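So you can see what is in the structure, the chains are spelled out below.
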Amino acid sequence: KQWYQRRVRAGPWRGMWIKFGYDPRNNSINRKYQLIDVRAPRLVEAKSVIKKYSQAKSTQTKLGRPDASELESTEDAVTSHIYRADKLPFKRQSHYQVCDIQDTRCHAVLKNFETDVYTHEHGFYTKDAVTAVRKVMTEQLKDLLDKKKECDALGGDDILDVM
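Rules used throughout
- Position numbers for residues count from 1 along each chain, tracking the sequence in the order it is written.
- Only residues with pLDDT of at least 70 get local features here, since the model is predicted, and only at 80 or more are side-chain atom pairs given and counted; chain-wide, interface and lining totals rely on the full set of residues.
- Hydrogens and waters are ignored; side-chain quantities use all the structure's heavy atoms.
- Only DSSP runs of H or I covering at least 4 residues are called helices, and only runs of E covering at least 2 are called strands; the numbering of each starts at the N terminus.
- Only protein chains enter the calculation, and the probe is 1.4 Å; a residue is then buried if its accessible area is under 20% of its type maximum, exposed if over 50%, and partly exposed in between.
- Any two residues having at least one pair of non-hydrogen atoms within 4.5 Å are treated as being in contact.
- The protein chains shown are the only cover counted for residues, whose accessible areas, like all others here, come from Shrake-Rupley with a 1.4 Å probe.
- Strands qualify as paired when DSSP identifies two bridges or more between them.
- Salt bridges are defined by distance alone: a side-chain nitrogen of Lys or Arg within 4 Å of a carboxyl oxygen of Asp or Glu.
- In plain words, nonpolar cores are sets of buried Ala, Val, Leu, Ile, Met, Phe, Trp, Tyr and Cys residues tied together by side-chain atoms within 4.5 Å.
- Each aromatic pair joins two rings of Phe, Tyr and Trp (for Trp, the six-membered one) with centres within 6.5 Å, and gets the label stacked for planes under 30 degrees apart, edge-to-face for over 60, and tilted for any other angle.
- To sit over a ring, a charge needs its Lys NZ or Arg CZ within 6 Å of the ring centre and within 35 degrees of the ring normal.

A.B. asks: How do you make sense of the overall build of the chain when you look at a structure like this?
C.D. replies: The helix and strand tally for the chain stands at 4 helices and 8 strands. The secondary structure elements of the chain, listed N-terminal to C-terminal, are β-β-β-α-α-β-β-α-β-β-α-β. When each of the 163 residues of the chain is scored for burial, the buried share is 40%. Here the analysis covers contacts within the chain between residues at least 6 apart in sequence; of these, 57% occur between residues at least 24 apart. In the form shown here, the chain has an accessible surface area of approximately 10,300 Å², with 50% of it arising from carbon and sulfur atoms.

Okay, here's the thing in C-alpha cells:
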C-alpha cells in the first residue's frame, strides 16, 4: 500500500506533511497540531546564549531542528521539538505544535482564545492567542536568562537546560 501526502506551504500547519484528501481545516480538533512560531527577544544575552549553544551542540536541519546525530543524549533527540519553560530553545526562532507545548500558562492562554471558526492566518485560535502565547514564552525566556546571570555572578555551574 502506498501513502501519499502533501506539504503545507502556508497557514497554521505550514511545513507539515498531511495525507492527501485530509483537510485539517474541517475540524477544530486539529488545532492541537497548529504551529506557533516564537522568536527569542532581541536581548544580547538571548542572542549570545542561544547562538553559542546551537553552534556548539548541533548543526541545523532544513526543519530548523538539530541533527539527531549531534545531540548529546537520546533525551535531547526525543525532546528537541518540545517547548518547556525551563529549557532554552535551539534557535532564536522556533516552531512548536500546540500539542508539544508543555506549559500550563501557555495552554491556559490558548484555551481562552479558542474558536471554532477557521482563519487562514491563525487557524482555530484568534490573533490575540498567538500574541499572548508569544508574550508568555518571551517572559519565560527572560526569566531563564536572568537565572543564568545570577548563577554566573555566583560562579556556579550552568543551571540552564537546553531543549
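On we go from here.
A.B. asks: Looking at this structure, how should I read the pairing of strand β6 (residues 114–119)?
C.D. replies: Successive side chains on a regular strand alternate, one facing one side of the sheet and the next facing the other. Looking at chain direction, β6 and strand β7 (residues 123–125) are connected through 2 bridges and run antiparallel. Looking at the pairing, E114 lines up with Y125 of β7. In this antiparallel pair of consecutive strands, β6 and β7, the connection spans 3 residues.

A.B. asks: Could you clarify how one ought to interpret the pattern of salt bridges in this entry?
C.D. replies: Opposite charge on two side chains permits them to pair, given that their charged atoms come into close proximity. A complete count under the given rule lists 8 salt bridges for this structure. Residue R134 pairs with D37 through a salt bridge whose shortest N-O separation is 2.4 Å. Residue R134 is found in helix α4 (residues 127–154), and its partner D37 is found in strand β3 (residues 35–39); the two are separated by 97 residues along the sequence. Judged by relative accessible area, which is 28%, R134 ranks as partly exposed.

A.B. asks: When you look at the nonpolar core in this model, what are you seeing that I'm missing?
C.D. replies: Considering soluble globular proteins, one finds that nonpolar side chains tend to be buried as a cluster. Core analysis: the biggest nonpolar cluster contains 15 residues, and I36, I101, C106, L110, V133 and M137 have the highest contact counts within it. For this core, the secondary-structure elements that each account for two or more residues are β3, α3 (104–112) and α4. Those residues in contact with M137 that sit more than four places away from it in its chain are V38, Y83, Y96, I101 and C106. With 6 residues, the next largest nonpolar core counts V8, W13, I18 and F124 among its residues.

A.B. asks: Teacher, can you tell me more about the packing of aromatic side chains here?
C.D. replies: Any pair of aromatic rings gets described here by the distance separating the centres and the angle formed by the planes. One pass over the full model with this rule turns up 4 aromatic pairs. With 5.9 Å between their ring centres and 10° between their planes, W13 and Y118 make a pair best called stacked. A residue pair is termed long-range when its members are at least 10 positions apart, and W13 in the loop between β1 (5–7) and β2 (17–19) and Y118 in strand β6 qualify at 105 residues. By relative accessible area, W13 is classed as buried at 4%. For the cation-ring pair, R31 lies above Y125, with the distance from its terminal atom to the ring centre recorded as 5.8 Å.

A.B. asks: Can you walk me through the environment of H120 in this structure?
C.D. replies: Take H120: it is sitting in the loop between β6 and β7. Remark: the alpha-carbon pair of H120 and P12, spanning 108 residues in sequence, is separated by 7.0 Å. Not counting the four nearest positions on each side in its chain, H120 is found in contact with A10, G11 and P12.

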